[in-house]
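# Structural characterization, general
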Amino acid sequence: TVPANGGTPSPVPNTGPGGQGAYHPAMLPGGTAVVAAPGGSGNPEDRQVGVVDLESGAVDTLATATRITYASGHVIFSGADGTVLAQPFDPGARETTGPAVAILDGVGGSGPNLMGAFAVSDAGSIAYRRQTSTGSESLIVRGDEGSQRVPLSQAGNLEGVSFSNDARRIAMQILDSGIWIWDRDQLTHELLVPDGRSAV
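Structure report, in brief. (Residues numbered from 1 in each chain as written. Predicted model: local features only at pLDDT ≥ 70, side-chain atom pairs only at ≥ 80, totals over all residues. Heavy atoms only, no water.)

### Remarks on the overall build of the protein chain
What counts, and what does not: Think of it this way: any DSSP run of H or I at least four residues long counts as a helix, any run of E at least two long counts as a strand, and we number them from the N terminus. To sort residues, take the accessible area from a 1.4 Å probe on protein chains only and compare it with the maximum for the residue type: under 20% means buried, over 50% means exposed, and anything in between is partly exposed. Here a residue-residue contact requires only that any non-hydrogen atoms of the pair lie within 4.5 Å. Using a 1.4 Å probe, accessible areas were evaluated by the Shrake-Rupley method; residue-level cover was limited to the displayed protein chains.
On a plain count of helices and strands, the protein chain comes out with zero helices and 19 strands. Here the protein chain, with 200 residues, has 42% of them falling under the buried criterion. Contacts spanning at least 24 positions in sequence make up 30% of the contacts within the protein chain whose residues lie at least 6 apart. Accessible surface, the protein chain as shown: approximately 10,300 Å² in total, 49% of it carbon and sulfur.

As structure tokens, then:
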């Protein structure tokens, strides 16, 4: 963690070397906890996601899934089968408040643990990696204005998708290429950082 006004980074307990780690953390309102996929190896179908307390590092498991994020009063998480689900969530109580509902299927995974490559904006748009049985892949963006297929300038393993605050631009990591930016209005795809990773 790093204070908003800068300063010395502080490691969250239990998430460093020898700990369980925390992949793709997403901050919850209030700034005292994140939802994340704890580290570790094993079968992606057995992986779990949950809430990580930033003071203690304690994890409260929420679901069996490969990746999780938070938006608009819901946790959104992906299964090893490519299904993405949304579930009502109370960030103050750090608990779900209703059943999970499938909102997407066929979302491609990325990395050794096959984490679902998707992102959700505060306004409810979603961007996700679609991979076909032939191995080709694309980025799909869905929002109020419908669906948009993003042409990729570089073929490769697409992951690390992230919306800008206004949801009009999308950062994505393409392995062995770097961080690319897709502008939804200008319809441009530009390389931002060669060999960059994990843009937020």
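Text resumes after the structure shown.
### A closer look at the pattern of salt bridges
Just so we agree on the cut-off: The term salt bridge refers to a pairing of a side-chain nitrogen on Lys or Arg with a carboxyl oxygen on Asp or Glu at a separation within 4 Å.
Applying the stated criterion to the full structure yields three salt bridges. Notably, a salt bridge pairs Asp185 with Arg168, separated by 2.8 Å at the nearest N-O pair. Of this pair, Asp185 sits in the loop between strand 18 (178-183) and strand 19 (188-194) while Arg168 sits in the loop between strand 16 (158-163) and strand 17 (169-174); the two residues are 17 residues apart in sequence, bridging distant segments of the chain. Judged by relative accessible area, Asp185 falls into the partly exposed class, the value being 48%.

### Notes on the layout of surface pockets
For the record, the criterion: With a 1 Å grid laid over protein atoms only, a set of points is called a cavity when a 1.4 Å probe fits there but cannot get out and a pocket when it is open yet has protein on both sides within 12 Å along at least five of seven lines; lining residues have an atom within 4 Å of a point. Grid points are joined across faces, edges and corners, and a volume is the space filled by probe spheres set on the points. Under this grouping Gly is polar, as are all residues other than the nonpolar Ala, Val, Leu, Ile, Met, Phe, Trp, Tyr, Cys and Pro and the charged Asp, Glu, Lys and Arg.
By volume, the second largest pocket is sized at about 190 Å³. Residue assignment for the lining of the second largest pocket shows that the elements contributing at least two residues are strand 6 (74-78) and strand 9 (101-104). Among the residues making up the lining of the second largest pocket, the classes are represented as seven nonpolar, five polar and one charged.

### Description of the sheet that holds strand 17
Short version of the rule: If DSSP finds at least two bridges between two strands, the strands pair. Fitted lines through C-alpha atoms give the axes, limited to the stretch in contact for helices. The angle between two N-to-C directions lies from 0 to 180 degrees.
Spatial strand order, 16-17-18-19: four strands in an open sheet with antiparallel pairing. Among the strands making up the open sheet, the edge pair consists of strand 16 and strand 19. Neighbour-to-neighbour, the strand axes of the sheet open up by a mean angle of 25°, direction not taken into account. Across six bridges, strand 18 lies against strand 19 in antiparallel orientation. Bridge pairing in strand 19 links Ile179 to Val193.

### So, the packing of aromatic side chains
For clarity, the cut-off: Here a pair means two rings of Phe, Tyr or Trp (six-membered ring of Trp) with centres within 6.5 Å. Their orientation is stacked below 30 degrees between planes, edge-to-face above 60, and tilted elsewhere.
In this structure the tally under the stated criterion is one aromatic pair. Between Tyr70 and Phe89, the aromatic rings sit 6.2 Å apart at their centres with planes inclined by 70°, giving edge-to-face as the arrangement. Placement of Tyr70 in strand 5 (residues 67-71) and of Phe89 in strand 7 (residues 84-90) is noted, with a sequence separation of 19 residues between them. A single burial state applies to Tyr70 and to Phe89, both of which are buried.

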